[in-house]
2 protein chains.
Amino acid sequence: MHIDVDTLLAYGATPKEWHKGELIFSQGNEARYFHQIDSGMVKMTSLTNDAKEFIQGVFNDGNSFGEPALMLGKPYPASAYAVSDSIIYRLSKEKFLLLLEDHPVLFKKLFHIFCERLYCKTLTANILVNNSPEEKLIGFFDKIKSECKLKESGLVPYTRQQLADYTGLRVETVIRTLSKLSDKKIVAIQDHKVFYK
Amino acid sequence: MHIDVDTLLAYGATPKEWHKGELIFSQGNEARYFHQIDSGMVKMTSLTNDAKEFIQGVFNDGNSFGEPALMLGKPYPASAYAVSDSIIYRLSKEKFLLLLEDHPVLFKKLFHIFCERLYCKTLTANILVNNSPEEKLIGFFDKIKSECKLKESGLVPYTRQQLADYTGLRVETVIRTLSKLSDKKIVAIQDHKVFYK
DNA sequence: CGCTCGTTTGAGAGGACTCAAGGTAGGTGG
DNA sequence: CCACCTACCTTGAGTCCTCTCAAACGAGCG
């Protein structure tokens, strides 16, 4: 949990319900609110020229998102969608800044989260500039491994479409590349499930 | 200027000289020091599978770099090189944390810088996932435009090789794509110089 | 002049994307 | 139990275009 609910409410945050698939805010729009998820799941995505969807990040219960644009007063660089039915607390920019001012501990917490996100995005860039699909996928697997998002068995908890959305590849390319990686014994595939050690 | 020199020195920072081209720290190495440039220029780069160099960021007088890895205690996700002869202050991690603890103003300043970098890296990801060279270059031009790195005349202050290093393309592709963009009147080229409005 | 760095052009090959079609699995409802 | 739906996975064939490799030109500098 990032900011505890009582504190959020004390500063005037209001919960808002979003249904699966709904747009929470749109790329290019002005950032007005701080968002923190009470329950549900949110994805931040941007569209590529060829109408592919690129996943900038995924957020769960307790996570907040969209802060940089809010704090810089710039338009959102990506859109946010509810992946499942979600309840999200919203707090106006002014009150959010006040809250941070009053609570140095929360400020430090957010700072630490920003460190993690910066680190994560640097690794992501490393993955995206690789023009070999094999390297992109291996890079992505190493990244989620270091983030402990792999199951203990090494199971990759993503669909092929999601792997495509994270790496900027097409689904078919992901599938064909996974086959090659399987031939090379770099990943194992059982019942369509992908395993990586 | 990020942290003023007197403060840095008071906490035990020491200046170190680097010559053009020298490696300051290497991808994969443990982060031990906070780095702030007194004078000179530093680039952070990572290598792709096909031995291309990708520029994660460039830093000048007064800028600091490499903080996220330092604060997270993780290995550097990219390498840092001196682009020109540089003098860089180094401060041990413990003392740096102490300094931030003692100076909330500097802490907030760094926080703000992190906001900017996160925003920047999100835009960068948008550029990199585009698989059309034209869109990559236009995206990059829009990005540096929004960051006010374009000259007033619209001059793009980068060599073709640098454009390649920022977009993950090859030099030849950059050149050929610039020609197309010039035909389409999206950029203007005069005496090998590129102009974008 | 010779060197380096950046720029340019050409020809060729490889491979990712595109489009189209069909298969598989899980869940729902009659 | 079976038909149906939806979402995900798979495969094939063909095109396009970026990368690769090679060569050469221009500018700046010692």
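Just so it is clear, the structure is predicted and the values come from calculations on it, not from any experiment. (Residues numbered from 1 in each chain as written. Chains lettered and ligands numbered in written order. Predicted model: local features only at pLDDT ≥ 70, side-chain atom pairs only at ≥ 80, totals over all residues. Heavy atoms only, no water.)

Asker: Got a minute to help me understand the relation of the copies chain A and chain B in this structure?
Answerer: Applying a rotation about an axis and a shift along it to one chain copy brings it onto the other copy. Overlaying chain A with chain B gives an RMSD of 0.0 Å, the required rotation being 180° about an axis along which the chain moves by 0.0 Å. The transformation just described matches what one would write down for a two-fold rotation axis. Of all interface residues in chain A, 100% are interface residues in chain B too; the two copies therefore contact each other through one and the same surface. (Least-squares fit on C-alpha atoms with pLDDT ≥ 70 in both. Contact = heavy atoms within 4.5 Å.)

Asker: Whenever I open this one, the protein's contact with DNA strand D confuses me. Can you help?
Answerer: The full set close to DNA strand D counts 15 residues, and Arg 160 and Ile 175 of chain A together with Pro 133, Arg 170 and Thr 173 of chain B are the nearest of them. Among atoms of DNA strand D positioned within 4 Å of the protein, sugar and phosphate together represent 62%. Between DNA strand D and Arg 160 of chain A, the relevant distance is 2.5 Å, taken from a phosphate oxygen to a side-chain nitrogen or oxygen of the residue. In the model, a base oxygen of DNA strand D is placed 3.1 Å from a nitrogen or oxygen of the Arg 176 of chain B side chain. Among the elements of the structure, helix H6 (160-167) and helix H7 (171-183) of chain A together with helix H7 (171-183) of chain B are those that each provide at least two residues to the surface near DNA strand D. Per-element accounting of the surface near DNA strand D gives the leading share, four residues, to H7 of chain B. Class assignment of the residues belonging to the surface near DNA strand D gives a composition of two nonpolar, five polar and eight charged. (Near = heavy atom within 4 Å. Polar contact = N/O pair within 3.5 Å; in protein donor to acceptor, adjacent residues only side chain to side chain. Helix = DSSP H or I, 4+ residues; strand = E, 2+ residues; numbered from the N terminus. Nonpolar A, V, L, I, M, F, W, Y, C, P; charged D, E, K, R; others polar.)

Asker: Got a minute to help me understand the protein's contact with DNA strand C in this structure?
Answerer: Residues in contact with DNA strand C amount to 16 residues; listed here are only the nearest, Pro 133, Arg 170 and Thr 173 of chain A together with Arg 160 and Ile 175 of chain B. Of all atoms in DNA strand C that approach within 4 Å of the protein, 63% are sugar or phosphate atoms. Within the side chain of Glu 172 of chain A, one N or O atom sits 3.1 Å away from a base nitrogen of DNA strand C. Between DNA strand C and Arg 160 of chain B, the relevant distance is 2.5 Å, taken from a phosphate oxygen to a side-chain nitrogen or oxygen of the residue. For the surface near DNA strand C, the elements supplying multiple residues, two or more each, are H7 of chain A together with helix H6 (160-167) and H7 of chain B. By residue number, the principal contributor to the surface near DNA strand C is H7 of chain A, which donates four residues. Broken down by class, the residue content of the surface near DNA strand C amounts to two nonpolar, six polar and eight charged.

Asker: Can you walk me through the pairing of strand E4 (residues 42-47) of chain A in this structure?
Answerer: If a strand is regular, its side chains alternate between the two faces of the sheet. Residues and elements named next belong to chain A. Looking at chain direction, E4 and strand E5 (residues 53-59) are connected through six bridges and run antiparallel. Of the residues in E5, the one forming a bridge with Val 42 is Phe 59. As consecutive antiparallel partners, E4 and E5 are separated by five residues, and within that stretch Ala 51 has a phi angle of approximately 65°, a positive value. Here E4 pairs with strand E7 (residues 79-82) via four bridges, running antiparallel. Bridge assignment links Met 44 to a residue of E7, and that residue is Ala 80. (Pairing = 2+ DSSP bridges.)

Asker: Please explain the nonpolar core as it appears in this structure.
Answerer: Among soluble globular proteins, nonpolar side chains are generally buried collectively. Counting residues in hydrophobic clusters, the biggest one holds 74 residues, and the most contacted among them are Ile 24, Phe 65 and Phe 96 of chain A together with Ile 24, Phe 65 and Phe 96 of chain B. Among all residues touching Phe 65 of chain B, those that are not within four sequence positions of it are Ile 24, Phe 25, His 35, Ile 37, Val 42, Met 44, Phe 59, Ala 80, Ile 88 and Arg 117 of chain B. (Core = buried A, V, L, I, M, F, W, Y, C linked by side-chain atoms within 4.5 Å. Buried < 20%, exposed > 50% of the residue type's maximum accessible area, 1.4 Å probe, protein only.)

Asker: Whenever I open this one, the pattern of salt bridges confuses me. Can you help?
Answerer: Here the idea is simple: oppositely charged side chains can pair when their charged atoms come close. Per the counting criterion, the structure on display carries 14 salt bridges over all chains. In this structure, Lys 143 of chain A and Glu 147 of chain A form a salt bridge, with 3.6 Å as the shortest nitrogen-oxygen distance. Accessibility expressed as a relative area gives 10% for Lys 143 of chain A, which makes it buried. For Glu 147 of chain A, a relative accessible area of 27% puts it in the partly exposed group. Between Lys 149 of chain B and Glu 147 of chain B there is a salt bridge whose closest N-O contact spans 3.3 Å. Lys 149 of chain B gets classed as partly exposed once you look at its relative accessible area, which sits at 41%. In this structure, a network of salt bridges that share partners links the residues Lys 143, Glu 147 and Lys 149 of chain A. (Salt bridge = Lys/Arg side-chain N within 4 Å of Asp/Glu carboxyl O.)

Asker: What am I meant to see in the environment of Leu 23 of chain B here?
Answerer: All names here are of chain B. Looking at the secondary structure, you find Leu 23 in strand E2 (residues 23-25). In this structure the C-alpha to C-alpha distance between Leu 23 and Val 42, which are 19 residues apart in sequence, comes to 9.7 Å. Beyond its immediate chain neighbours, meaning those up to four positions away, Leu 23 contacts Trp 18, Ser 79, Ala 80 and Tyr 81.

Asker: Is there a simple way to think about the state of the cysteines in this case?
Answerer: Throughout the structure, instances matching the rule amount to zero disulfides over all chains. The closest cysteine sulfur to the non-disulfide-bonded Cys 148 of chain A is located on Cys 120 of chain A, 13 Å from its own sulfur. (Disulfide = S-S within 2.5 Å.)

Asker: Sorry, what's going on with the side chain of Thr 167 of chain A here?
Answerer: Residues and elements named next belong to chain A. Following the sequence through the fold, Thr 167 ends up in helix H6. By relative accessible area, which is 0% here, Thr 167 ends up buried. Look past the residues within four positions of Thr 167 in its chain and what remains in contact with it is Leu 128, Lys 136, Leu 137 and Phe 140.

Asker: Please explain the packing of aromatic side chains as it appears in this structure.
Answerer: The geometry of an aromatic ring pair is captured by two quantities: the separation of the ring centres and the angle between the planes. This model, assessed by the stated rule, comprises 24 aromatic pairs over all chains. Taking the centre distance of 4.7 Å and the plane angle of 40° together, the rings of Phe 111 of chain A and Phe 107 of chain B count as tilted. One end of the pair, Phe 111 of chain A, is in helix H4 (residues 104-129); the other, Phe 107 of chain B, is in helix H4 (residues 104-129), on a second chain. In this pair, the class of Phe 111 of chain A matches that of Phe 107 of chain B, namely buried. An angle of 65° between the planes, with centres 5.6 Å apart, marks the rings of Phe 140 of chain B and Tyr 158 of chain B as edge-to-face. (Phe/Tyr/Trp six-rings, centres within 6.5 Å; stacked < 30°, edge-to-face > 60°.)

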